[in-house]
Amino acid sequence: MKLGKIAVALAAACAAFAAYADITVGVTLSATGPAASLGIPEKNTIALLPTTMGGQKVNYIVLDDASDTTTAVKNVRKLISENRVDVIIGSTITPNSLAMIDIVAEAETPTISMAASARIVDPANPKTKWVFKTPQNDQQMATAIAAHMAGQGVKTVAFIGFNDAYGEGWYQEFIKYADTYKLKIVANERYSRADTSVTGQVLKIMAAKPDAVLVAGSGTPAALPQVTLKERGYAGKYYQTHGIANNDFLRVGGKNVEGTYLPAGPMLVAAQLPDSNPIKKSSLAYIAKYEAAHGKGSISTFGGHAWDAGALLQNAVPAALKKAQPGTKEFRAALRDALEATKEMVGVHGVFNMSPSDHLGFDQRARVMVRIDKGAWKLDK
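Heads up: these notes are all about the structure in this document. All values derive from a computational prediction rather than experimental measurement. (Residues numbered from 1 in each chain as written. Predicted model: local features only at pLDDT ≥ 70, side-chain atom pairs only at ≥ 80, totals over all residues. Heavy atoms only, no water.)

This paragraph deals with the pattern of salt bridges. All told, the structure shown has 13 salt bridges when counted by the stated rule. A salt bridge links Asp102 to Lys127; its shortest N-O distance comes to 2.9 Å. One end of the pair, Asp102, is in helix H4 (residues 94–107); the other, Lys127, is in the loop between strand E5 (111–113) and strand E6 (131–133), with 25 residues separating them in the sequence. Judged by its relative accessible area of 43%, Lys127 falls in the partly exposed class. In this structure, Glu340 and Arg336 form a salt bridge, with 2.9 Å as the shortest nitrogen-oxygen distance. Of this pair, Glu340 and Arg336 both sit in helix H12 (residues 329–340), 4 residues apart, which is roughly one turn of that helix. (Salt bridge = Lys/Arg side-chain N within 4 Å of Asp/Glu carboxyl O. Helix = DSSP H or I, 4+ residues; strand = E, 2+ residues; numbered from the N terminus. Buried < 20%, exposed > 50% of the residue type's maximum accessible area, 1.4 Å probe, protein only.)

Next up, the structure:
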């Protein structure tokens, strides 16, 4: 009789424990290495995310992948096998995020990437079924650049980008829209994120005499080609991708990046947006929270990608908890389904409307054209 009562008590205790199981969020990001200027604000933002969602406590396990693909893969395996996370946020850059897909799909662990390439979630298939993302796709931003170039009278373009998945993805997307807007690509050069010189590539670009140059890089390494071109006297138009949208790029580029055009998430120029823009309020609220913790002018759009990842989870967790408890395969599946069902959720970079075929869910409200003017970001109207 006593044994029976003990068994019942143990069962009740186990049930109570399961009912209050913590949600575990694994994070891998690039806090060091060439992409550190992107990963540091993301890491800072993770620390600002809520510690409860849907009434359940949330634990964050944050690992640094040092901007290295092999380390990112190692981190993800550890988070899944040792920490048994319910969801993963990361990584910061495209090569790392692409390398993670097979692992998270096999483990059936929902993952929210903070990298740009459309290939992270597209095309929809059994592997990308488990992956979502918060930054605008390169294809979406490539359209904006090509249209802007055409409007500026550009006819010929030189391309220089990273010699990895980010650079290649951008080139493949840009050439599609270059044809649409009758832009002729006269040079296609590549360089490494860790390179300290691109003189050879720049000389080839200058020999082609393009009307404009598009640099497909991210973070501070994206400044190198432009600085070198300026020093060599290139006087055409400069375009960069949304991968440079942080103040470290302005600091490193200095006067050499004046006049540069880029597409960016509205958050970059939140205060300059009209009050009718649905993203303005959420962006300003995040900026105030981040700068309260890290100082005036410390904000970065890359931290915004981490903030939006947290917002997506806040929105999805209550629905997932109705179906299963954290720490289970069923909860991970329910969370994946809830993320995919996201509708009209306003983030700091856009309005999310997910579907089985679209695991980003942004429309044109998620981008603006920006110009660097007197060392600051200016909305290009």
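Now, onward.
This next bit is on empty space enclosed by the protein. Inspection of the entire model under this criterion finds 3 cavities of 30 Å³ or more. By volume, the largest cavity is sized at about 110 Å³. Taken together, 15 residues form the lining of the largest cavity, with Leu38, Thr92, Ala116, Tyr166 and Phe302 sitting closest to its centre. Class assignment for the residues of the lining of the largest cavity results in 8 nonpolar, 6 polar and 1 charged. (1 Å grid on protein atoms, 1.4 Å probe; cavity = no way out; pocket = protein on both sides within 12 Å on 5 of 7 lines; lining within 4 Å. Points joined across faces, edges and corners; volume = space filled by probe spheres on them. Nonpolar A, V, L, I, M, F, W, Y, C, P; charged D, E, K, R; others polar.)

When its volume is computed, the largest pocket comes out at roughly 400 Å³. Every residue lining the largest pocket is counted, 19 residues in all, and those nearest its centre are Leu268, Ile287, Glu291, Ile299 and Trp377. For the lining of the largest pocket, the secondary structure elements donating two or more residues are helix H10 (278–294) and strand E15 (376–379). Ranked by residue count, the leading element in the lining of the largest pocket is E15, at 3 residues. The residue inventory of the lining of the largest pocket, partitioned by class, reads 10 nonpolar, 6 polar and 3 charged. Approximately 170 Å³ is the volume found for the second largest pocket. In terms of lining, the second largest pocket is formed by 14 residues, of which the most central are Ser37, Pro41, Asp248, Ser298 and Ser300. Listed by contribution, the elements that provide at least two residues to the lining of the second largest pocket are helix H2 (36–46), helix H9 (247–253) and H10. At 5 residues, H2 tops the list of elements feeding residues into the lining of the second largest pocket. Classifying every residue of the lining of the second largest pocket gives 5 nonpolar, 8 polar and 1 charged.

On to unusual backbone geometry, then. For the bond from Gly90 to Ser91, the omega torsion is 0°, close enough to zero to count as cis. Looking at the secondary structure, you find Ser91 in the loop between strand E4 (87–90) and H4. Look at the link from Asp122 to Pro123: it is a cis peptide, with omega at 5°. Structurally, the position occupied by Pro123 is in the loop between E5 and E6. Phi at Ser67 takes a positive value of approximately 65°, unusual for a residue other than glycine. The backbone phi angle of Lys374 is positive, close to 55°, even though this residue is not glycine. If you trace the backbone, Lys374 turns up in the loop between strand E14 (368–373) and E15.

Bringing helix H8 (residues 223–231) into the picture now. Every buried residue belonging to H8 is among Ala223, Pro225, Gln226, Val227, Thr228 and Leu229, and all of these are buried. On its buried face, H8 is in contact with strand E7 (156–162), strand E8 (184–191), helix H7 (199–208), strand E9 (212–216), strand E10 (237–240) and H9. One or two positions beyond H8, positive phi appears at Gly233, with a value near 95°. (Contact = heavy atoms within 4.5 Å.)

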